[in-house]
Structure formats: structure tokens, C-alpha cells
Amino acid sequence: MDKKIVFITGVSRGIGLELAKCFLNDGYFVIGTSRSEFNLHEQLGSENCLHIPLDVTNRDQVSSCMEKLKEKDIVPNVLINNAGITKDQLFLRMKNEEWDDVIESNLTSVFNMSKLFIKSMVKDRSGKIINISSVAGLMGNPGQVNYSASKAGLGGFTRALAKEVAARNITVNCIAPGFIETDMTNHFKDEELKNILNQIPANKMGNPKHIADLALFLASSKGNYITGQTISVDGGLYMS
Ligand SMILES: NC(=O)c1ccc[n+]([C@@H]2O[C@H](COP(=O)([O-])OP(=O)(O)OC[C@H]3O[C@@H](n4cnc5c(N)ncnc54)[C@H](OP(=O)(O)O)[C@@H]3O)[C@@H](O)[C@H]2O)c1
């Protein structure tokens, strides 16, 4: 890869924002997206980045994002599918929209975004796709049938696409975070948090940098022979 360019979905907070900071520090030009308007230049304190407002579930917006990149002659060689949501509910009470929204946002969005960049990666015979999954997709979490299914789906997507494009020097992997301190997990009550920590052998929550460190490794040449994998970053939660 001559110029390092990363495209990260969901950079307005949490893991996505940390990914943006760490990739910028590693010399990447960072293209970050979120639905909300967001001043990425200001957040990162750098001109070496571009924010594109984008709903990853909206295929018209996804196509027009490609037009914007073409205008600026920017071709990303690393795609990180990070944007995701939860709409937790016990299955008996889960509404159709709670299922549809989570599958669209967490799984169909990865199809939309990967479709956008795979052609140029195949043409360049180089590329890295990193999907941010979850330990919920490996273990299954009660109250998260929709979320667990969407993240488990990412594992299958990753393995199948990895096989299709491996000979073109493109790797496709998943990172499966455990409990990471972000807005997504800041609603736990003391007792819930205590129960969660009891299940984690490391006995603490992770932070977004733990995820960014692995993403940087997978995106670098050090990760060139790793593909189709789902790697947990969870303080031992999944194995326990
Ligand atoms: N935190 C954890 O413990 C944990 C554990 C396992 C897996 N994960 C996964 O890690 C990823 C990041 O999680 P997080 O904790 O950083 O979550 P977060 O703090 O809630 O941030 C989610 C990001 O995704 C963006 N987003 C959501 N829906 C979007 C859409 N339709 N289009 C575009 N952007 C969208 C949000 O931006 P806007 O709202 O501005 O659009 C935001 O930037 C998610 O895939 C999540 O499932 C997190």
C-alpha cells in the first residue's frame, strides 16, 4: 500500500472515535462517518481526515458517499465496519422494528459498505476489511436476540468473503469486543455492573484502545496472513 487510507463507520464517539485517533497517529488519512454532523478535524486536531455524514443503512447515501470520495480522488485500502446499535428486549416482547433496525444497522450495513469498496480492493489486489462484531455474537446474550444474531451473522459474512478474496491479497476479519467502556455500556446499574465484572476473568471492562490496537495490527502488514477470523478482545469473557 503506498498511501494509508482508512474508512471507519461510526466515528462520532466510543470505539469509532478511538479508532480514528489511533489510525491518524499511525500515519493514516482517516475518513470517518456518522449520521450526526461531526467536526472530525476539530476532534482529531488534524487536517489529515474527512468526515462524511452517512447513514450506513441508507443505500442512496452509501452510493453518494462513493461519488464524494471519487471527486477527491480518495481510495481507501482499509475499511472498518464499526457503526452499530442495540435495541435490547426479551424475545417475547421484541417488536418487528427492533429486529429489523438492529439487523439493518449491524449486518446489512456491512454488506452495503463492503460492496462499496471491494471492487477497488480487488483491482488493487490489496485491502483489509475489519468488522466490529461482539462477544454477544459468539455467546448469545439474553435480551439481545436481535443484536446477537446480527453479530453472529458478521462471523459468517467474514468467513465467506475472506475465502472469496484471499487470493487477491485482501483480508477480512472480525474483532469481537467484550464489555468496553462507551455510551453503549454506560447505562448499567451498580448491581448489574458487579455481575458483569464477576463474569470477566480480567475483572474489569475494556477500553476502546484495546480494540483499536488489534485493528491497527490487522490493518498493518503484520496481519497479512490472518483472514476469516473472529478475534475476541474481552478480558477472557468468552472462554470463561
Ligand atoms: N461498547 C461495547 O461494549 C461493545 C461491545 C461489543 C461490540 N461493540 C460494537 O462496537 C461498535 C461500536 O460500539 P460503541 O460502543 O462505540 O457504540 P456507540 O458509542 O453507541 O457508538 C456507535 C457509533 O455508530 C454510529 N452509528 C450507529 N448507527 C449508525 C448508522 N445507521 N449509520 C451511521 N453511523 C451509525 C454512531 O453515530 P451516530 O449516532 O452519530 O450515527 C456512533 O458513532 C458497535 O458495532 C458495537 O456493536 C461494542
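Residues numbered from 1 in each chain as written. Predicted model: local features only at pLDDT ≥ 70, side-chain atom pairs only at ≥ 80, totals over all residues.

Points about the overall build of the protein
To keep it simple, the criterion reads: Helix numbering and strand numbering both begin at the N terminus, where a helix is a DSSP run of H or I of at least 4 residues and a strand a DSSP run of E of at least 2. Comment: burial labels come from other C-beta atoms within 10 Å of the residue's own C-beta, placed from the backbone, where a count of 20 or more is buried, 12 or fewer is exposed, and between is partly exposed. Contact between residues is assigned whenever the C-beta positions, reconstructed from backbone atoms, fall within 7 Å.
Within the protein, the secondary structure is distributed over eight helices and seven strands. Seen through its principal axes, the protein has C-alpha atoms that stretch 50 × 40 × 35 Å. Looking at the protein as a whole, 42% of its 240 residues qualify as buried. In the protein, the proportion of contacts linking residues at least 24 apart, taken out of those at least 6 apart, comes to 69%.

A look at the sheet that holds strand β3 (residues 49-53)
The test is simple: Whether two strands pair comes down to DSSP finding at least two bridges between them. Lines are fitted to the C-alpha atoms to define the axes, a helix being fitted only along its stretch in contact, and any angle between axes, read from their N-to-C directions, falls within 0 to 180 degrees.
Taken together, seven strands build an open sheet; the order of strands is β3-β2-β1-β4-β5-β6-β7 and the sheet is parallel. Strands with a single pairing partner mark the edges of an open sheet, and in this sheet they are β3 and β7 (230-233). Neighbour-to-neighbour, the strand axes of this sheet turn through a mean angle of 20°, independent of strand direction. Bridge count between strand β1 (residues 5-9) and strand β4 (residues 78-81): three bridges; the pairing is parallel. Bridge pairing in β4 places Val6 opposite Val78. Across the sheet, helix α6 (residues 145-165) touches β5 (127-132), β6 (170-177) and β7, and the angle it forms with β6 is around 165°.

A look at the site of the ligand
For clarity, the threshold we go by: Each residue receives a C-beta atom placed from its backbone. It is near a molecule or strand if this atom lies within 6 Å of it. Throughout this entry, Asp, Glu, Lys and Arg are counted as charged residues, while Ala, Val, Leu, Ile, Met, Phe, Trp, Tyr, Cys and Pro are counted as nonpolar. The remaining residues, Gly among them, count as polar.
Around the ligand, 30 residues are found, and the nearest of them are Gly10, Gly14, Arg35, Gly84 and Thr182. Per-element accounting of the shell around the ligand gives the leading share, three residues, to helix α1 (residues 14-25). Looking at the shell around the ligand residue by residue, the classes come out as eleven nonpolar, 15 polar and four charged.

Notes on the packing of α1 against helix α8 (residues 208-219)
Where we set the bar: We call two directions roughly parallel when the angle between them is under 35 degrees, roughly antiparallel when it is over 145, roughly perpendicular when it lies between 65 and 115, and oblique otherwise. Here a crossing is called left-handed whenever its near helix is offset anticlockwise from the far helix by less than a right angle, and right-handed whenever the offset is clockwise.
For the pair α1 and α8, the least separation of the axes is 9 Å and the interaxial angle reads 50°. Overall, the two elements α1 and α8 adopt an arrangement that is oblique. For the pair α1 and α8, the crossing hand works out as right-handed. For the pair formed by α1 and α8, the contact residues are Gly14, Ile15, Glu18, Leu19, Cys22 and Phe23 on the first element and Pro208, Lys209, Ile211, Ala212, Ala215 and Leu216 on the second. A per-class count over the contact of α1 with α8 returns nine nonpolar, one polar and two charged.

Here's the deal with α1
Stated formally: Expected helix span is given by 1.5 Å per residue-to-residue step, counting one fewer step than there are residues.
Compared with an ideal rise of 1.5 Å per residue, which puts twelve residues at 16 Å, α1 spans 17 Å between its outermost C-alpha atoms and is within 8% of the ideal. With respect to burial, α1 is a largely interior element, ten of its twelve residues being buried.

Focus: the nonpolar core
The tendency in soluble globular proteins is for nonpolar side chains to be buried side by side. Stated precisely, the cut-off is as follows: By convention in this section, buried Ala, Val, Leu, Ile, Met, Phe, Trp, Tyr and Cys residues joined through C-beta atoms within 7 Å make up a nonpolar core.
Core analysis: the largest hydrophobic core is formed by 54 residues, its most contacted members being Val6, Ala20, Val30, Ile80 and Ala215. Ile80 has contacts with Val6, Ile8, Leu19, Ile130, Ile132 and Ala215, leaving out every residue within four places of it along the chain.

Overview of the pairing of β5
Our working definition: For the handedness criterion, the strands are oriented away from the viewer, and a crossover whose path from the first strand over the helix to the second runs clockwise is classed as right-handed.
For β5, the tally of buried residues reaches six of six residues, placing the bulk of the element in the interior. Sheet analysis places β4 next to β5, joined by four bridges and oriented parallel. Its bridge partner lying in β5, Ile80 is registered against Ile130. On the question of chirality, the crossover connecting β4 to the parallel β5 by way of helix α4 (residues 96-124) is right-handed.

Structural notes on the packing of α4 against α6
Interhelical geometry of α4 versus α6 gives an angle of 15° and a closest axis separation of 9 Å. Considered as vectors, α4 and α6 are oriented roughly parallel to each other. Considering the relative orientation of α4 and α6, their crossing is right-handed. Contacts between α4 and α6 involve Glu98, Trp99, Val102, Ile103, Asn106, Leu107, Val110, Ser114 and Val122 from the first element and Asn146, Tyr147, Ser150, Lys151, Gly153, Leu154, Phe157, Leu161 and Val165 from the second. Of the residues in the contact of α4 with α6, the class split is eleven nonpolar, five polar and two charged.

A short note on the environment of Ile80
For Ile80, the location among the structural elements is in strand β4. Each C-alpha atom, one on Ile80 and one on Thr108, is 14 Å from the other, the two residues being 28 residues apart in sequence.

Thoughts on α4
Heads up, the rule is: Here the bend at a residue is taken as the angle between two axes, fitted respectively to the seven residues that end there and the seven that start there.
For α4, spanning 29 residues, the distance from its first C-alpha to its last is 41 Å, which sits close to the expected 42 Å at 1.5 Å a residue. Most pronounced at Glu104, the bend in α4 amounts to some 40°. Of all the residues in α4, the buried ones are Val102, Ser105, Asn106, Leu107, Ser109, Val110, Asn112, Met113, Ser114, Phe117 and Met121. Those residues of α4 that are buried lie in contact with β1, α3 (59-71), β4, β5, α6 and β6. One or two positions beyond α4, positive phi appears at Arg125, with a value near 55°.

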